[in-house]
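# Coordinates in review
Here are the chains, one letter per residue:
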Amino acid sequence: MESLLGEFSVGLAFWQAMLFLGLLLLLRKFAWKPILNSVNEREAKISESLELAEKTRAEMETMKAQNENLLKEARAERDAMIKDTKETVNTMIEDAKGKARVEADKVQSLARDAFTAEKVAAIAELKTQVASISIEIAEKVLRGELASQDKQTTLANKLVEDINMN
Amino acid sequence: MYRLLRFILVVALLSPVLTSSVFANAEPHHGAPNKELTPEEKREKNTEFVKHHTHDSHSFGIVSSEEGGWHLGFPLPVILWDGGLHVFMSSAFEHGEKVVESNGNYYKLDTHDGKIYKTDEHGTVMTKSTVDEKTDEETISKLKPIDFSITKNVFTTMLMCLFLFFLFRSVAKSYKSGLAPTGAAKFIEPIVIFIRDEIAIPNIGEKAHKKYMVYLLTVFFFIWFLNLMGMTPLGINVTGNIAVTFVLAMFTFFITQFTAKKDYWMHIFWMPGVPVPMKIMLIPIELIGLVVKPFALMIRLYANMLAGHIVLGALIAAVYFFDAYFAKAAFLGLTFFMNIIELLVAALQAYIFTMLTALYFGSAAAVHEEAH
Amino acid sequence: MMDVSMIGAGLIVIGVGIGIGRIGGSAMEAIARQPEATNKIQTAMLIAAALIEGIGFAALFAA
């Protein structure tokens, strides 16, 4: 203990205190404040940047999801549109087909009617012709039959007979 | 950064060699294998040599030779307060051989303890006798002026302060060009961040640590660089001086007391959460603790650095003490090894001083949520 | 007088040596058990060692 006190120098302590205090004040003003400030600033900047990056990534993620959604929607829309179109086309085709069929049927039936009418007309004509031909033939035959007297009498008899019988 | 690291490494590896070469030059002065000396005298001389190199001195001696009677170095101003101011250069003492007259007073330098004593004109030290009233014992003490000299330690501290100031100002300036560290900042910045993140924040707290950072950083670099200065072969021993560590410990002590919050005083004078008789008993214990803390801080740094210097000095003296070459070689190797350990200790003691300072600041700045 | 204080100093050194040795040993074990806590253990070890050392030095100067 005595050696400790013996070695203690007041002057050295005084100078030391002055110098250290001076160093403390000088370094505070000229060194530590700027150094710590810039270190803190940089750290803040780094963490800010990291945060920003994180935020951007999250944003990107949401945007990507949105895009995906949009794409999905678009695809669905497209699909729906295609489906719609197909349906429309189908119905149109069906419609057209139906109309065509109706038209065809109409045409057919008209044709058939016309044909029937023609047929009837033809038959009627045929009938008249056949009738006229048969009348001609009957005329000729009658002429031949009635060429002689007896034949006429027989016939008249016969006819009379027929009538009598009635 | 690499260049700086390499430089430090080279200096570290060379320092034992440099140290021993300087002492080799000083050989005739100190532990020389002088044939006329008995082993006891040799031992005495070696003790003197080691003591001399751990003491503060009034001149910046580099190499000296007792037999040659020459000294290499430069004188430093002596400033004495003895009823008046006395200022002269230490070269006037001629290494303790001459009595210096200044404004009618006479002073002489004692080369053994390195102190200046008041003498008469023939160089006889003036004494003052004091009588203890209780025991009637008479104690005779030498008269000493109050010594405000720019001693070797003060001079070294001045240089170191200048060096630290310019170093850190240049580091601070380098941040102006950009946020990334360049030059010396690359080396300094990790240490600054280490002190902030590993010492200040865990011990003081996220919020309160900011106002203590200036002191913690300054004290760390101050002690560390001065410790390293002690490793150079100039025989500087600033941090191994009780006055220096006393001042540093006082700074820590006063900053702790002046920044202390209510809780700190509460824990000293009225410890919460213990019964009343216990509270009264704890007051003196806490008060003793208050004083012991800076005292331990002071003693730890002082004793560690002084012990390091003594061990190194003793090992170097041993190189000259023994005549056998293998012993010299062995002690040289041991000196080398101890030098590297001391390099570690230099940083470690700065770290521990800063760490404990932060711990004390933490107790001062702590605000306790609940009583415990 | 000198010799007695020397013995005291020796005792102090033994005590401090044992104390710091135990701290170091325990810290080693703790680090081996929990390597991830190395930093914290080292810090605590250094503080404890420094405190013991401080007491040791104080006693040495008193002796």
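Thresholds applied
- Residues numbered from 1 in each chain as written.
- Chains lettered and ligands numbered in written order.
- Predicted model: local features only at pLDDT ≥ 70, side-chain atom pairs only at ≥ 80, totals over all residues.
- Heavy atoms only, no water.
- Patch = residues over 30% accessible without salt bridge, like charges linked within 9 Å, V, L, I, M, F, W, Y side chains within 5 Å.
- Areas by Shrake-Rupley, 256 points an atom, 1.4 Å probe, with all protein chains shown as cover.
- Salt bridge = Lys/Arg side-chain N within 4 Å of Asp/Glu carboxyl O.
- Lys, Arg positive; Asp, Glu negative; His and termini not counted.
- Charge placed at Lys NZ, Arg CZ, Asp CG, Glu CD.
- Helix = DSSP H or I, 4+ residues; strand = E, 2+ residues; numbered from the N terminus.
- Pairing = 2+ DSSP bridges.
- Axes fitted to C-alpha atoms, helices over the stretch in contact; angles between N-to-C directions.
- Buried < 20%, exposed > 50% of the residue type's maximum accessible area, 1.4 Å probe, protein only.
- Left-handed = near helix turned anticlockwise from the far one by under 90°.
- Contact = heavy atoms within 4.5 Å.
- Nonpolar A, V, L, I, M, F, W, Y, C, P; charged D, E, K, R; others polar.
- Buried area = accessible area lost by both parts, 1.4 Å probe.
- Polar contact = N/O pair within 3.5 Å; in protein donor to acceptor, adjacent residues only side chain to side chain.

### Brief notes about a negative patch on the surface
On the surface, a cluster of negative charge is contributed by B:Glu40, B:Glu41, B:Glu44 and B:Glu48. Considering the arrangement of structural elements, one finds B:Glu44 in helix H2 (residues 39–54).

### Comments concerning the sheet that holds strand S5 (residues 100–102) of chain B
Residues and elements named next belong to chain B. Pairing is antiparallel in the open sheet, where three strands are placed in the order S5-S6-S7. Two strands close off the open sheet at either side, each with one partner strand: S5 and strand S7 (116–119). Between one strand axis and the next, the sheet turns through 40 degrees on average, direction left out of account.

### Remarks on the pattern of salt bridges
Opposite charge on two side chains allows them to pair when their charged atoms are near. A full pass over the atoms with the stated rule returns five salt bridges over all chains. For B:Glu189, the salt bridge goes to A:Arg42, with nearest N and O atoms at 2.4 Å. You can see B:Glu189 sitting in helix H4 (residues 184–204) and its partner A:Arg42 sitting in helix H2 (residues 10–145), one on each of two chains. A:Asp79 is the partner of A:Arg78 in a salt bridge, and the nearest nitrogen-oxygen pair spans 3.6 Å. We classify A:Asp79 as partly exposed; its relative accessible area is 42%. What you see here is one network of salt bridges that share partners, running through A:Glu43, B:Arg196 and B:Asp197.

### Section: the packing of helix H6 (residues 242–259) of chain B against helix H8 (residues 276–321) of chain B
All names here are of chain B. The interhelical angle for the contact between H6 and H8, taken along N-to-C directions, is 145 degrees, at an axis separation of 8 Å. By crossing handedness, the relation of H6 to H8 is classed as right-handed. From H6, Ile242, Thr245, Phe246, Leu248, Ala249, Thr252, Phe253 and Gln257 reach across to H8, where they touch Leu290, Pro294, Leu297, Met298, Ile299, Leu301 and Tyr302. Tallied by class, the residues present in the contact of H6 with H8 amount to twelve nonpolar, three polar and no charged.

### With respect to the sheet that holds strand S3 (residues 77–81) of chain B
Residues and elements named next belong to chain B. Sheet architecture is open: three strands sit in the order S4-S3-S10, paired in antiparallel fashion. Each of the sheet's edge strands pairs with one partner strand only, and the pair in question is strand S4 (85–89) and strand S10 (146–147). Here S3 pairs with S10 via two bridges, running antiparallel. Within S10, the residue paired with Leu80 across the bridge is Asp147.

### Notes on the interface of chain B and chain C
When the parts of a complex come together, some accessible area is lost, and that lost area is often used as the size of the interface. Listed per partner, the contact involves 13 residues of chain B and ten residues of chain C. In total, chain B and chain C occlude about 1,000 Å² of area from one another, counting both sides; carbon and sulfur atoms represent 79% of this. Looking at the side of chain B facing chain C, the largest losses of area belong to B:Ile299, B:Arg300 and B:Met355, adding up to 34% of the total buried there. One can count two residue pairs in polar contact (both at pLDDT 80 or more) joining chain B with chain C. Those elements giving two or more residues to the side of chain B that touches chain C turn out to be H8 and helix H9 (325–365) of chain B. The greatest single-element share of the side of chain B that touches chain C, amounting to seven residues, is contributed by H9(B). Along the lines of polarity and charge, the residues of the side of chain B that touches chain C split into ten nonpolar, two polar and one charged.

Structural measurements only, silent on function.
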